[in-house]
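Summary of the model geometry
The residues making up each chain are set out below.
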Amino acid sequence: MSFDSVTEKIAHFIGTFDLTIEKARLRDQYEEFTAVRRKAELDELEEPAKIRVKADLELDPGKFGPLPYGFNNPPATPELPPLVDGPDIQTAITLAPPLTDGPPLPETTTGIGATFIIEQKLEIVTELIGSAVTYTFQNIFLRDNDVVGEGDFRDVDQLIAQAEAAAQVAASMHGFAVPSFSISDYLSIEYVEALAAEMLAPINVEVEGAVVYQFHGEDAIGVIVNGEYVDEAPVWEDLLPEHHRPDEEEEDETPDAMPAEWDQDEDSEFADGHTVIAGGNLAINEVNATVAWVDAPYIAVGGKSIELAMISQVAVVSDTDKGTNGDSGTNVVHSSTIEVEGNSAPWLMQGANDDAPAFIHVDWITTDLIVANFVKQNIDATDIDHIDTEINATTTLYALGDNELVDVTNILQLGSYYDLIMIEGDMITVDAFIQTHVLIDDDVITGGLPGPIDGSDENLVMNEVALTKEGEDTHQEMHSSMAEAMAFGEDDMASLEEALMNDPMFAGMEQMRVLKVDGSLVQVNVAEQSTMLADQDDVHLHGPNADETEVVAGSNAMLNAAHVTKAGVDSVVMAQDGAFSDLLLHQASLIDMPTNEDIAEMTNEAIAAIMEEAGMPGYEGGIGPQGNDLTPSELANSSDGLQTMLA
């Protein structure tokens, strides 16, 4: 009997379902059966996890007893055993290919009649250095212009424009243009020679009232501060305004006294009294570099050897305070220290004879070798605070300034010393430092006491350069044997080694390490540091406690510092196309303070002309400042030099 299609599908499904259930049931039964069988097998073992193997390995003591053993006394006068007759074996052991074809080393005979001839070459394993170049750009931009209360304040935008005009004046006062930050320029001997020509004819500062000092060549060596030679360079920490000096902690002799940080009863920052801090800013650009990449007691140059050191330090300061207690002042310091210290290569004294070097190791660079550091640091800050308030509380503190702006770069470059450096191209060395300070601190203060009460509210502006070179260079003509050695290429290493070994200049060296550069050796350090701070504060205090309020409107501390140490050894430089070296120190200051009224009168026109050309606020039309926001009492005293133009 046949089913219809629907019934047949249902029957097929039921059958398949039945088989699946039966398969699962049989699987369960099989797994249970397997587990029971394994359990029965394991029950016969004492511990199923351990398997013990028993074996009778006891030996017969009568047959296998220990043998007697005793130490023999050594003879009173030991003698070597007699030689054994046998073949005379000669063996050559070579640790490296022989250096030259000279006579073999003395033979050594051993007690067994074998002779060993050992030829050995000391192998120096060094990591070949390459170029080292760093670029560092640091920039700080601050606008901290606070306003407290409502009063007759000067226009902030106009004050900022005046500071920018002063920065343009400062840029024009440098003795030379900022050297290039492009390495390719220093690979061109024409560019370096142009720098040398610029040093011989530095820019003449045409800003009236500027005080300029310039030193050339050996005259620039030593410690020079504000155009005068001194024994020691001033220390930044010793010149800091009172506001930035750390408080001297008083020692408490009481043994059970609590630590100072646990004493919360008296907070020095919020101590009793009244204080308004509108200045007290700290701005630092600092570079510290130690360069000891390559040097040698003997340097051979196929082209020219040029070494230049350039320092230009400029400061433009306007600090003409007005009002009942406006009298801070600014200490401007330009410090330059250039020192050259002798440092003989200590390993040259090890040779006790006049023999040629036993072997030579050469590091070969087929391109230019460049060691360069370029640093540019810039701080552009305004702290123009305007406050008009009544001081009538028990304790008052207005902290409107007190900013800290710091750029620091530390560079350490350590390479290798050689006995000889051979340069096919030119050897270029350039160290350039350009430092600029602009401080506009023309405050208008009515009421309060000049602060700090127990110290000076004087600003500090300091440019500092310390260039130290370890190792003196002496120049002499290249002799013929060295000139011949310079001509050998990398494919003729044997001829180069032979020429150097036969050169009497290197007699007495036990070994010799040589750096061969097919291109030029360029060593450059350029640091450009600039700081501009506008701190023109308007402080008007009144009320019962106004006359007791300490006003810190100055106490700004600004530092551009560059410390570079070039570590090396005393070198004899032999340049086929001649050698040239020069130093230039340029220090320029333009200061407008109450004690510099004559200078202020002369510099008025210079900055006013720049502001007019730039179309800055208040100087349109070429007829002088417009829209001055000074009060009538301030206008009456507005004839103090730069204050006429910068207030």
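Please read all numbers here as calculations on a predicted model, not as lab measurements. (Residues numbered from 1 in each chain as written. Predicted model: local features only at pLDDT ≥ 70, side-chain atom pairs only at ≥ 80, totals over all residues. Heavy atoms only, no water.)

Attention now goes to the nonpolar core. Membership of the largest hydrophobic core comes to 23 residues, with the highest contact counts inside it found for Tyr186, Leu308, Phe374, Ile428, Val524 and Val526. Of all the secondary-structure elements, those providing two or more residues to this core are helix H3 (183-186), helix H4 (189-200), strand E12 (305-318), strand E16 (369-382), strand E21 (427-440) and strand E27 (521-534). Broken down by element, the residue count for this core peaks at five residues, all from H4. Look past the residues within four positions of valine 526 in its chain and what remains in contact with it is Phe181, Tyr186, Asn373, Phe374, Val375 and Ala432. Judged by nonpolar contacts, the second largest core, of 21 residues, contains Met478, Phe506, Val514 and Val572. (Core = buried A, V, L, I, M, F, W, Y, C linked by side-chain atoms within 4.5 Å. Buried < 20%, exposed > 50% of the residue type's maximum accessible area, 1.4 Å probe, protein only. Helix = DSSP H or I, 4+ residues; strand = E, 2+ residues; numbered from the N terminus. Contact = heavy atoms within 4.5 Å.)

The subject of this paragraph is a nonpolar patch on the surface. A cluster of nonpolar side chains, namely Val6, Ile10, Phe13, Ile14, Phe17 and Ile21, defines an oily patch on the protein surface of about 610 Å² accessible area. Within the element layout of this structure, phenylalanine 17 appears in helix H1 (residues 5-42). (Patch = residues over 30% accessible without salt bridge, like charges linked within 9 Å, V, L, I, M, F, W, Y side chains within 5 Å. Areas by Shrake-Rupley, 256 points an atom, 1.4 Å probe, with all protein chains shown as cover. Salt bridge = Lys/Arg side-chain N within 4 Å of Asp/Glu carboxyl O.)

Spatially, six strands are ordered E15-E26-E20-E11-E31-E25 in an open sheet, and the strand pairing comes out parallel. Each edge of the sheet is formed by a strand with only one pairing partner; in this case those strands are strand E15 (359-365) and strand E25 (473-475). When the angles between neighbouring strand axes are averaged without regard to direction, this sheet yields 20°. Here strand E11 (residues 298-301) pairs with strand E31 (residues 571-575) via four bridges, running parallel. Looking at the pairing, alanine 300 lines up with methionine 574 of E31. Sitting on the sheet, helix H7 (residues 493-501) is in contact with E15, strand E20 (420-423) and strand E26 (511-517), with an inclination near 125° to E15. (Pairing = 2+ DSSP bridges. Axes fitted to C-alpha atoms, helices over the stretch in contact; angles between N-to-C directions.)

So, on to the pattern of salt bridges. For the structure shown, the criterion picks out nine salt bridges. Where glutamate 22 meets arginine 25, a salt bridge forms, and the shortest distance between an N and an O atom there is 2.1 Å. Separated by three residues within a single helix, glutamate 22 and arginine 25 lie in helix H1, roughly one turn from each other. Its salt-bridge partner being lysine 304, residue glutamate 193 comes within 2.5 Å of it at the nearest N-O pair. Pair noted here: glutamate 193 is in helix H4 and lysine 304 is in the loop between E11 and E12, with a separation of 111 residues, a long-range link. Residue glutamate 193 is classed as partly exposed on the basis of its relative accessible area, which comes to 32%. Residue classification places lysine 304 among the partly exposed residues on the basis of a relative accessible area of 29%. Salt bridges here are not isolated pairs; linked through shared partners, they connect Glu307, Lys469 and Asp473.

Time to look at helix H2 (residues 156-171). Counted at 1.5 Å a residue, the expected span for H2 with its 16 residues is 22 Å, and the 23 Å between its end C-alpha atoms agrees. Those residues of H2 lying buried are Gln158, Leu159, Ile160, Ala161, Gln162, Ala163, Ala165, Ala166, Val169 and Ala170. Between a side-chain oxygen at the N-terminus of H2 and the backbone nitrogen of aspartate 157 the separation is 3.4 Å; the capping residue is aspartate 155. (Expected span 1.5 Å × (residues − 1). Polar contact = N/O pair within 3.5 Å; in protein donor to acceptor, adjacent residues only side chain to side chain.)

To continue, consider the environment of glycine 554. Position of glycine 554 among the secondary structure elements: in the loop between strand E29 (550-552) and strand E30 (557-566). On the accessibility criterion, glycine 554 (0% relative accessible area) is buried. A C-alpha to C-alpha distance of 4.9 Å links glycine 554 and glycine 279, two positions 275 residues apart in sequence. Setting aside residues no more than four positions away along its own chain, glycine 554 makes contact with Gly279, Gly280, Asp441, Asp443, Asp457 and Asn459.

Right, let's talk about the packing of aromatic side chains for a bit. All told, the structure shown has nine aromatic pairs when counted by the stated rule. Each ring, one from phenylalanine 13 and one from phenylalanine 17, has its centre 6.5 Å from the other, and the planes form 25°; the classification is stacked. Here the residue phenylalanine 13 and the residue phenylalanine 17 both occupy positions in helix H1, the gap between them amounting to four residues, near one helical turn. One aromatic cluster is present, built from ring pairs that chain together Tyr135, Phe137, Phe181, Tyr186, Tyr191 and Phe374. (Phe/Tyr/Trp six-rings, centres within 6.5 Å; stacked < 30°, edge-to-face > 60°.)

Function-wise, these values are silent; they only describe arrangement.
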